[in-house]
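In case you want the letters, here they are:
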2 protein chains.
Amino acid sequence: MPVILPSGSDVVDAYNTIKNYVHQTPVLTCQSINRLTGCEVYFKCENLQKVGAFKYRGATNAVLSLTKEQMAKGVATHSSGNHAAALALAARMNGVKAFIVMPENAPEIKKKAVDGYGAEITYCQPTLEAREATLATVIETTGATLVHPYNQWEVICGQGTAALELMQQQPHLDSVITPVGGGGLLSGTATYLKGMFPQVKVLAGEPQMADDAYRSFKSGSFYPVVNPDTIADGLRTSLGNLTFEVIMHKVDDIYTVGEDSIRNAMRLVWERMKIIIEPSSAVPLAAIIDNKQVFANSRVGLIVSGGNVDLDHLPF
Amino acid sequence: MPVILPSGSDVVDAYNTIKNYVHQTPVLTCQSINRLTGCEVYFKCENLQKVGAFKYRGATNAVLSLTKEQMAKGVATHSSGNHAAALALAARMNGVKAFIVMPENAPEIKKKAVDGYGAEITYCQPTLEAREATLATVIETTGATLVHPYNQWEVICGQGTAALELMQQQPHLDSVITPVGGGGLLSGTATYLKGMFPQVKVLAGEPQMADDAYRSFKSGSFYPVVNPDTIADGLRTSLGNLTFEVIMHKVDDIYTVGEDSIRNAMRLVWERMKIIIEPSSAVPLAAIIDNKQVFANSRVGLIVSGGNVDLDHLPF
């Protein structure tokens with residue numbers, strides 16, 4: 001049975017649902033980065049979103065889409081971090097319980113944030129299998145509703161609202177680039193842009209060390225990775241079947257980048273822009289720097305996915 | 001002879017001069033910091049200004065106020081860092097030469113920035129006397145016009161434009177707090193607010209280890225400090241006679257804070273707000289946290305002065 005993909009107006013609906021609950025994050029520019037890249041980069045700063053990540057958009061849209069009966073039993077998810085914090089806070093803001101399955105090796109700062117938002121945490125092995133098995137048990141016990149970190153339409157459309165705001169703030173873009181891990185941000189962005197601004201190219205950056213989206217996109221068949229090892233901890237997940245479908249239909253290209261490129265791009269943003277971005281957020285900038293000819297003299301929107309970094313363990 | 005102080009409309013004039021040259025920086029809020037402080041804090045993010053500091057406003061206003069003859073000979077200054085970078089860039093943007101005297105112990109990142117903007121740097125001992133003597137020699141040799149880091153009306157009025165923008169972005173404030181070092185930002189802020197919004201209290205935070213402004217303000221007589229030792233490297237300077245006059249007439253109160261309070265407030269902002277602020281910028285937040293009863297339930301504008309930090313030498 002073919003999957004029916006959401007449209008640009010589904011993202012508009014999500015925006016109307018969540019807009020009073022989320023920060024309208026600023027769009028920043030940096031002359032020295034523009035000089036270095038040879039293009040104009042417009043940074044949509046979702047690191048300055050609540051919980052420090054775009055994930056708060058999707059989580060909020062998912063919680064606000066629940067029935068009263070579902071709200072009474074709570075929400076549950078597995079996440080390496082940002083989605084966990086996002087769902088925990090989105091749930092608390094609506095008086096809903098949150099049950100979170102986290103891999104043991106998640107960054108301390110993310111564990112602390114989830115705990116601080118009052119969620120109930122269950123730790124598991126850092127594999128997709130362990131996370132899914134543990135989550136199934138939690139859901140069976142509690143009756144909570146799964147809010148998937150990316151493979152769910154309410155979540156995907158919620159993430160797409162960052163691109164919607166970006167186009168309001170900076171309408172004249174030639175392309176928009178995001179990182180891709182599970183694909184929620186990328187497919188939400190593609191859903192909105194291909195629906196509303198089809199002339200804008202939708203691109204993604206992905207770590208070479210976790211290049212499942214790149215391989216899936218290039219080969220046309222779903223290609224999960226197992227235990228990828230990249231400093232971009234938010235991008236260690238594989239695509240889901242829904243995000244894969246959207247990406248195959250609506251994304252123009254995906255670029256992979258090495259670990260050093262990610263580290264250098266991250267430090268560049270910290271030093272030049274004075275904003276804290278996590279390694280995952282440096283991946284699209286690394287892709288621009290490594291592929292200057294593709295972006296030359298164009299206007300590129302870059303969605304900065306998050307800023308949750310353990311300050312005691314910086315990668316540079 | 002009594003000094004004639006500038007008025008709120010002088011700051012409006014400065015704003016009209018520089019507004020197309022500076023970033024309109026965002027105003028950010030943070031729920032968890034509001035919860036911690038017991039008030040609403042609106043962060044005017046001049047760390048996201050060009051060169052990473054409000055100083056770009058005053059320097060730009062000073063350069064644009066020069067005659068053609070003065071522009072031909074260049075500008076000169078002494079500065080522990082941010083003003084140096086600001087003047088170097090403001091000069092370069094207008095094809096003007098910049099001669100900068102810097103103390104040898106200025107942070108590496110600030111030295112590199114000034115050098116990167118094409119200024120000619122002369123290093124000196126880290127005392128006010130050495131800086132002034134070296135600068136006098138440079139000016140005698142080059143014929144360049146002095147642009148003082150703070151004790152000059154064009155500079156003071158330029159710095160006041162951050163408060164002007166803040167009031168446009170968030171008109172309902174009970175008070176505005178800034179750090180105070182040489183007093184340029186504080187006196188510019190006070191000049192604008194007492195002229196245009198006299199009901200808004202104008203406050204400052206200062207390191208206990210460099211409390212010359214506090215002592216001068218409380219005693220009513222100018223009180224310089226010598227070689228103050230604080231991590232807030234931007235606040236090691238003493239007031240000038242002009243900033244002292246404005247502060248005595250137009251500032252409501254000054255609070256001093258200890259080094260640990262500064263360090264904790266700085267880390268809090270990094271972790272919670274995902275923006276990079278330098279130690280000096282953490283001083284006003286430290287003052288709020290240490291004096292919660294003063295700010296309880298009020299709306300406080302906080303001018304974040306800068307984000308220039310040596311990432312290899314963080315104070316936490």
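Residues numbered from 1 in each chain as written. Chains lettered and ligands numbered in written order. Predicted model: local features only at pLDDT ≥ 70, side-chain atom pairs only at ≥ 80, totals over all residues. Heavy atoms only, no water.

J.: Please provide a residue-by-residue account of the sheet that holds strand β2 (residues 40-45) of chain B, values included.
T.: Residues and elements named next belong to chain B. Here we have six strands laid out as an open sheet, ordered β1-β2-β10-β7-β8-β9, and mixed in their pairing. At either end of the open sheet lies a strand with only one pairing partner, and these are β1 (27-28) and β9 (253-257). With six bridges connecting them, β2 and strand β10 (residues 299-304) associate as parallel partners. When the sheet's bridge partners are listed, Cys45 is paired in β10 with Val304. (Pairing = 2+ DSSP bridges. Helix = DSSP H or I, 4+ residues; strand = E, 2+ residues; numbered from the N terminus.)

J.: Residue-level account of the pairing of β2 of chain B, with values.
T.: Residue and element names in this part refer to chain B. Counting buried positions along β2 gives five out of six residues, so the element sits mostly inside the fold. In this sheet, β2 lies alongside β1 in antiparallel orientation, the contact comprising two bridges. Bridged to Leu28 within β2 is Phe43. (Buried < 20%, exposed > 50% of the residue type's maximum accessible area, 1.4 Å probe, protein only.)

J.: Quick one: what's the story with helix α11 (residues 212-219) of chain B, residue by residue and with numbers?
T.: All names here are of chain B. Among the residues making up α11, those that are buried are Asp212, Ala213, Ser216 and Phe217. Angularly, the buried residues of α11 cover 125° about the axis, an arc narrow enough to put them on a single face. Two residues or fewer past α11, Gly220 is found with a positive phi of approximately 80°. (Arc of directions from axis to C-beta.)

J.: Mind laying out the pattern of salt bridges, listing which residues take part and the relevant values?
T.: All names here are of chain A. Scanning the entire structure with this criterion turns up 20 salt bridges over all chains. Across the pair Arg267 and Glu271 runs a salt bridge, and its minimum N-O distance is 3.0 Å. Here Arg267 and its partner Glu271 are both found in helix α13 (residues 259-273), four residues apart, which amounts to about one turn of the helix. According to the relative accessible area criterion, Glu271 is partly exposed, its value standing at 24%. Connected via shared salt-bridge partners are Lys44, Glu46, Arg57 and Glu165. (Salt bridge = Lys/Arg side-chain N within 4 Å of Asp/Glu carboxyl O.)

J.: Break down the nonpolar core for me, with residues and values.
T.: Among the nonpolar cores identified, the biggest contains 72 residues, and Phe43, Trp270 and Ile275 of chain A together with Phe43, Trp270 and Ile275 of chain B are the most heavily contacted of them. Of all the elements, helix α13 (residues 259-273) of chain B adds the most residues to this core, at seven residues. Excluding residues that lie within four positions of it along the chain, Trp270 of chain A makes contacts with Ile275, Ile276, Ile277, Val309, Leu311, Leu314 and Phe316 of chain A together with Trp270, Ile276 and Leu311 of chain B. (Core = buried A, V, L, I, M, F, W, Y, C linked by side-chain atoms within 4.5 Å. Contact = heavy atoms within 4.5 Å.)

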